[in-house]
Amino acid sequence: EQSGMYGALILKKREANDSIPEYPVVLSDWTNENPGEVLRSLKMANDWYAIKKHSTQNWGEALLNGYFGTKLEQEWKRMLPMDVSDVYYNTFLTNGKPKQNLPQLKAGDKIKLRIVNGSASTYFWLQFAGGKLTVVASDGEDVLPVEVDRMIIGVAETYDVIVTIPENMSYEFKATAEDRTKSTSLWLGSGMKMPAPVLPTLKYFEGMSMMNDMMNFDGSMDDMGMQMSLQKMDMNNVMYPEITGDGKNENDMKEMDHKSDIKPKRIVTLNYSMLSSPKNTSLPDAPVKVLNFKLTGNMNRYQWSINDKPLSETDKILIKKGENVRIILNNQSMMRHPMHLHGQFFRVLNGKGENSPLKNVIDIMPMEVDTLEFNAPYEGEWFFHCHILYHMMSGMGRVFSVGKTLPNKQIDTIPNAWNIFSNEDNEFHFAGNLITQSQGIWGKAMLMNRNYLFEAMGQINYKGDFESESRFGRYFGNNQFLKVYIGTDIRIPSSKKLHETSGKDSMLENGKLATLGSQYLLPMFLLADLRVDHKGKFRFQISRSDLALTSRLRFDGFWNTDKEYEIGLRYIIAKKFSITANYDSHFGFGGGIMFTY
């Protein structure tokens, strides 16, 4: 999907009204990276994508812009910086190209754009420079026409939108990524270019402040926002300069009404409460099965779940054929989730009664509660999941098993198919780094999955003095702040005295120890490590890694009760390369280069 395996299926009604020409618009995102590498990077909390998007929200920016207290609270609550998207994309595409043209359209022409969000993980804001967007269908089902100025389309959603060409000019139909890094366009008509408004840069620190108010100290979400639904209020709107002001291009988003004291015209944004089906969508009279799904996640280790459990830790949900199923979705994360149901449509309960719209994808915004329902007439096993590719692959899904679910005789049986499918979110992945400096070489390797981690780290100087630690551990808790481990600690000096630093002898004790310990993530992302070795000696260590002083300059350091310590700086020059400098209590001062994988 992320590599380009997508397309549009257009299904026409027998009695279709073809008086308005149609044009498919398939929106997508493109990265030059392998999708597996993208997912691995997200799981490693590598913030190269944030650097590329200018969304690191580092300490330097916080201090210069008056948000030092906001940044302090964010790190005190152990929250990663605010963002609206996970991945940095090289470009965005309309039908496979950054820009498309339909020059044959003339003044007064109408055209129906059949819009498909075929992206892997990008929401798009849709705008038309020529005027209103008239929404007439969503997810392939007709709705009563609704006129709006702009709309957002979730991953895998589809909308049919009618636009009118006002004059003999070229008008931009523009899809801007929600993170506002780039856009893709379809130009309608020919002549002078009429561009759509430029959406200004997001106000990330305002979003961080909002997130601070929502998040409890234990990592859970406050319920204060849980009365919202149907996209009627976007909890992220504090980040939108065109709504809150202070944006460089905010005037692009305002039309002045000179007949009423130059007041800005209200921009109408589509939300689900505006949608009505032209037909009765009431469910048949049947028993009702109610499912309460909390959409949950752990951004620190990039894990997504429903009711705090990934797909790999759940069984299929059994549903009787013909049963009515009501799902109450409660988004307790700070990201949107486009939840998609395979095999059937559901009603979105939006206050329209028997005319509630039919959809198969619903965008659940942060802190929202939405209710959908469907009748289950089709036997089989149907996937219900977040359609952001990387959220789905990280565990946010469930499988509904309707009726007898007999095997399909038209295809070969795949051995162990359920386990292969359900355990995709629990696959192991590798990461590591190698630092070559003037005083020695450092290395670290990690192999981990959702709950387990094996890591080995060591350093050696050019005299042959060597020390290493290895650990095998398991994470506990929904936010996985706690890890318990067993391990080894090996020290092999080249001679009794390692070297002199600051006029004092620094001793490296020769030894091979077995260790048992635990690590806990404290406020300010300080990692506390308490261990005991097989000789009964305790050691306490406190460390901090990846403290963002600026967008690319990072601080790392540790201290322990064995009187070992290290402080270091690194400057990120590319995703896998950094310039480093540090002082180590054993190895002294040095500088060099770091390779990260």
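Residues numbered from 1 in each chain as written. Predicted model: local features only at pLDDT ≥ 70, side-chain atom pairs only at ≥ 80, totals over all residues. Heavy atoms only, no water.

### Quick look at the overall build of the protein
Thought 1: When helices and strands are tallied, the protein shows eight helices and 39 strands.
Thought 2: For the protein, the spread of C-alpha atoms along the three principal axes comes to 90 × 60 × 45 Å.
Thought 3: Sorting the 597 residues of the protein into buried and exposed places 52% on the buried side.
Thought 4: For the protein, contacts bridging at least 24 residues in sequence account for 65% of all contacts bridging at least 6.
Thought 5: Carbon and sulfur atoms provide 57% of the accessible area of the protein, an area that totals close to 27,700 Å². (Helix = DSSP H or I, 4+ residues; strand = E, 2+ residues; numbered from the N terminus. Buried < 20%, exposed > 50% of the residue type's maximum accessible area, 1.4 Å probe, protein only. Contact = heavy atoms within 4.5 Å. Areas by Shrake-Rupley, 256 points an atom, 1.4 Å probe, with all protein chains shown as cover.)

### Observations regarding the pairing of strand β23 (residues 369-375)
Thought 1: Judged by how many residues are buried, β23 sits mostly within the fold: five of seven residues are covered.
Thought 2: As paired elements, strand β20 (residues 346-348) and β23 share two bridges and run antiparallel to each other. Bridge pairing links Arg347 to Glu373 in β23. (Pairing = 2+ DSSP bridges.)

### A look at the nonpolar core
Thought 1: By size, the foremost hydrophobic cluster in this structure holds 96 residues, and its most contacted members are Phe173, Leu188, Ile327, Leu329, Met339 and Phe400.
Thought 2: Top contributing element to this core by residue count: helix α5 (residues 204-214), with six residues.
Thought 3: Apart from residues lying up to four places away in sequence, Met339 is in contact with Leu295, Ile306, Leu329, Phe346, Asn360, Val361, Ile362, Ile364, Phe384, His385, Cys386 and Met396.
Thought 4: If you look at the next biggest cluster of nonpolar residues, it comprises five residues, including Ala431, Met446, Met448 and Tyr475. (Core = buried A, V, L, I, M, F, W, Y, C linked by side-chain atoms within 4.5 Å.)

### Quick notes on the pairing of strand β28 (residues 452-460)
Thought 1: In the sheet, strand β27 (residues 440-448) pairs with β28 via eight bridges, with the strands oriented antiparallel. Across the sheet, the residue bridging to Leu447 is Phe454, located in β28.
Thought 2: Hairpin remark: β27 followed by β28, antiparallel, with three residues in the connecting loop.

### Here's the deal with the sheet that holds strand β24 (residues 380-386)
Thought 1: Reading across from one edge, β17-β25-β24-β19-β22 is the order of the five strands in this open sheet, with mixed pairing throughout. Here the strands that pair on one side only, and so sit at the sheet edges, are β17 (317-319) and β22 (361-364). Mean inter-strand twist for the sheet, computed between neighbouring axes without regard to direction, equals 20°.
Thought 2: Examined bridge by bridge, strand β19 (residues 337-341) and β22 share four bridges and lie antiparallel to one another. Bridge pairing in β22 links Pro338 to Asp363. (Axes fitted to C-alpha atoms, helices over the stretch in contact; angles between N-to-C directions.)

### A word on the pattern of salt bridges
Thought 1: Applying the stated criterion across every chain yields a total of 37 salt bridges.
Thought 2: Notably, a salt bridge pairs Arg336 with Glu178, separated by 3.4 Å at the nearest N-O pair. Taken together, the residues span a long stretch of sequence, with Arg336 in the loop between β18 (324-331) and β19 and Glu178 in the loop between β10 (170-177) and β11 (183-188) at a distance of 158 residues. Exposure class is identical for Arg336 and Glu178. Each is buried.
Thought 3: One connected set of salt bridges, linked through shared partners, spans Lys444, Glu455, Glu467, Glu469, Arg471, Lys483, Asp489, Arg491, Asp529, Arg531, Arg539 and Glu564. (Salt bridge = Lys/Arg side-chain N within 4 Å of Asp/Glu carboxyl O.)

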